[in-house]
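# Chain and residue survey
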Amino acid sequence: MSTSTPSPAKVYGPPLSTAVSRVLACLLEKHVPFQVINVDLLKREHKSPQYIKLQPFGQVPFFQDETISLFESRAICRYISLKYANKGNTKLYGTNPLEKASIEQWLEAESQSFNQPTLTLMFQLAYAPQVNIPQDEGLIKQNLEKLVKVLDVYNKRLAESKYLAGDEFTLADLSHLPNSMYLVTRTELKELFMSKDNVGRWLEEISGRESWKKVVEMQNSPPS
Ligand SMILES: N[C@@H](CCC(=O)N[C@@H](CS)C(=O)NCC(=O)O)C(=O)O
């Protein structure tokens, strides 16, 4: 009988990357041990031939666990939730077909409706000024309008239930944390999120989870 302990899962990429932080939050919710392998985006390590062999699009995160490798943060989170169904937060990905479908519904809303305007606003409002790229006022206005419409839908939903997919915190909520918290903490859009009462209450609640607080700690620590 082998007594060797399995090696921890590996996440390649900086915790400050929103897609990487989604995976870290999921691993922490599931109490799955992991190791972060730094990939320096400023040095363009994600475009090196060695890294492209792992992640063919040259993006972070890349994930390895035992013998498997995956990319795409949302797919990685689904995998972790299923593989470690009985560890940590066992309700993260639902426990019956309807719960799972409801979680999937809001995960799709995140990736199809919420992600695009929030990513554009992150770039335009936070990144562009940092690197002296001129801001595109038209694009900002257009994506703010899109975001307001999405937040109105969420606000209505969150008047009916504590979390997006029902009464439990799930992957659907977790998946919204990276882009939401980036905009809330690094741009002037905190007011917009908080002005929608139920969205504000929900964001306070989900960003106060131990898993997310640990991700923020990791984001504020220098890479090892
Ligand atoms: N849909 C992908 C997006 C990955 C992604 O865009 N990662 C960014 C960091 S948040 C990245 O690698 N950017 C560098 C690049 O695209 O060259 C996922 O969720 O994993």
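Residues numbered from 1 in each chain as written. Predicted model: local features only at pLDDT ≥ 70, side-chain atom pairs only at ≥ 80, totals over all residues. Heavy atoms only, no water.

## Quick word on the overall build of the chain
Cut-off, in case you're wondering: Helical segments are the DSSP runs of H or I of at least four residues, strand segments are the runs of E of at least two, and each set is numbered from the N terminus. All radius of gyration figures rest on C-alpha atoms, and the globule criterion is 2.2 Å times the number of residues raised to 0.38. For every residue, the accessible area obtained with a 1.4 Å probe (protein chains only) is divided by the maximum for its type, and the residue is called buried under 20%, exposed over 50%, and partly exposed between those limits. To be clear on the numbers: accessible area is Shrake-Rupley with a 1.4 Å probe, and residue cover counts the displayed protein chains and nothing else. Counted as positive: Lys and Arg. Counted as negative: Asp and Glu. His and the chain ends are not counted at all. Charge positions come from single atoms, namely NZ of Lys, CZ of Arg, CG of Asp or CD of Glu.
Across its full length, the chain holds nine helices and four strands. In the chain, the order of α-helices and β-strands from amino to carboxyl end is β-α-β-α-β-β-α-α-α-α-α-α-α. Here the C-alpha atoms of the chain give a radius of gyration of 18 Å, agreeing with the 17 Å that 2.2 N^0.38 yields for 224 residues. Sorting the 224 residues of the chain into buried and exposed places 46% on the buried side. Carbon together with sulfur atoms contributes 54% to the accessible area of the chain, which is approximately 12,000 Å² in total. Side-chain charges of the chain comprise 26 positive and 25 negative groups, with the mean position of each set lying 4 Å from the other.

## Observations concerning the packing of helix H6 (residues 171–186) against helix H8 (residues 197–207)
What counts, and what does not: Note on geometry: axes are lines fitted to C-alpha atoms, helical ones only across the stretch in contact, with angles between N-to-C directions running from 0 to 180 degrees. An angle below 35 degrees is read as roughly parallel, one above 145 as roughly antiparallel, one from 65 to 115 as roughly perpendicular, and any other as oblique. Any two residues whose heavy atoms approach within 4.5 Å at even a single point are treated as in contact. Note on residue categories: nonpolar means Ala, Val, Leu, Ile, Met, Phe, Trp, Tyr, Cys or Pro, charged means Asp, Glu, Lys or Arg, and polar means any other residue, Gly included.
Interaxial distance between H6 and H8 falls to 10 Å at its minimum, and their mutual angle equals 105°. The angle between H6 and H8 places the two elements in the roughly perpendicular class. Taken together, the residues of H8 that come into contact with H6 (itself represented by Asp-173, His-176, Leu-177, Ser-180, Met-181 and Val-184) are Trp-202, Leu-203, Ile-206 and Ser-207. Residues of the contact of H6 with H8, tallied by class, amount to six nonpolar, three polar and one charged.

## A short note on the domain arrangement of the chain
In plain terms, the rule: Residue ranges for the domains originate in an automatic or database domain assignment. Each of two parts loses accessible area, computed with a 1.4 Å probe, when they are put together; buried area is these two losses added.
Along its sequence, the chain is carved into domain 1 (9–90) and domain 2 (97–212). Between the C-alpha centres of domain 1 and domain 2 the distance comes to 21 Å. Taken residue by residue, the interface counts 14 residues in domain 1 and 19 residues in domain 2. With both chains or domains summed, domain 1 and domain 2 bury close to 1,300 Å², and 56% of this area falls on carbon and sulfur atoms. The largest contributions to the domain 1 side of the interface with domain 2 come from Arg-22, Arg-74 and Arg-78, which together make up 38% of the buried area.

## Let's talk about the side chain of Thr-18
Within the fold, Thr-18 resides in helix H1 (residues 18–29). Beyond its immediate sequence surroundings of up to four residues, Thr-18 is in contact with Met-122, Pro-178, Asn-179 and Tyr-182.

## Some remarks on the pairing of strand S3 (residues 62–65)
Defined as follows: DSSP calls a pair of strands paired once it identifies at least 2 bridges connecting them.
Two elements, strand S1 (residues 9–12) and S3, share three bridges in a ladder whose sense is antiparallel. Directly across from Val-11, in S3, lies its bridge partner Phe-63. The pairing of S3 with strand S4 (residues 68–71) spans four bridges and is classified as antiparallel. Along S4, the bridge assignment pairs Asp-65 with Ile-68. As consecutive antiparallel partners, S3 and S4 are separated by two residues, and within that stretch Glu-66 has a phi angle of approximately 50°, a positive value.

## Description of the pattern of salt bridges
Definition in use: Just to be clear on terms, a salt bridge is a Lys or Arg side-chain nitrogen sitting within 4 Å of an Asp or Glu carboxyl oxygen.
Under the criterion given, the structure shown has 14 salt bridges. With a shortest N-O distance of 2.6 Å, Arg-74 and Glu-110 are connected by a salt bridge. Taken together, the positions of Arg-74 in helix H3 (residues 73–83) and Glu-110 in helix H4 (residues 97–130) put the pair 36 residues apart, joining distant regions of the chain. Of the two residues examined, Arg-74 and Glu-110, each falls in the buried class. Residues Arg-157 and Glu-160 are paired through a salt bridge, measuring 3.2 Å at the closest nitrogen-oxygen approach. With Arg-157 and Glu-160 both in helix H5 (residues 137–160) and three residues apart, the pair spans about one turn of that helix.

## Digging into the site of the ligand
As a reminder, the rule being used: Proximity criterion: a residue is near a molecule or strand once any of its heavy atoms comes within 4 Å of it. Polar contact is defined as a pair of N or O atoms within 3.5 Å, subject to the rule that within protein one atom must be able to donate a hydrogen and the other to accept it, and that residues adjacent in sequence are counted only when both atoms are side-chain atoms.
Near the ligand the following residues occur: Ser-17, Thr-18, Ala-19, His-46, Lys-47, Gly-58, Gln-59, Val-60, Pro-61, Glu-72, Ser-73 and Arg-74. A distance of 2.9 Å separates a nitrogen atom of the ligand from a polar backbone atom of Val-60. Note that an oxygen atom of the ligand is positioned 3.4 Å from one of the side-chain N or O atoms of Arg-74. Bound to the protein, the ligand loses 70% of the 510 Å² it would expose on its own. Put simply, the parts of the chain that give the shell around the ligand at least two residues each are H1 and H3. Taken together, the residues of the shell around the ligand break down into three nonpolar, six polar and three charged.

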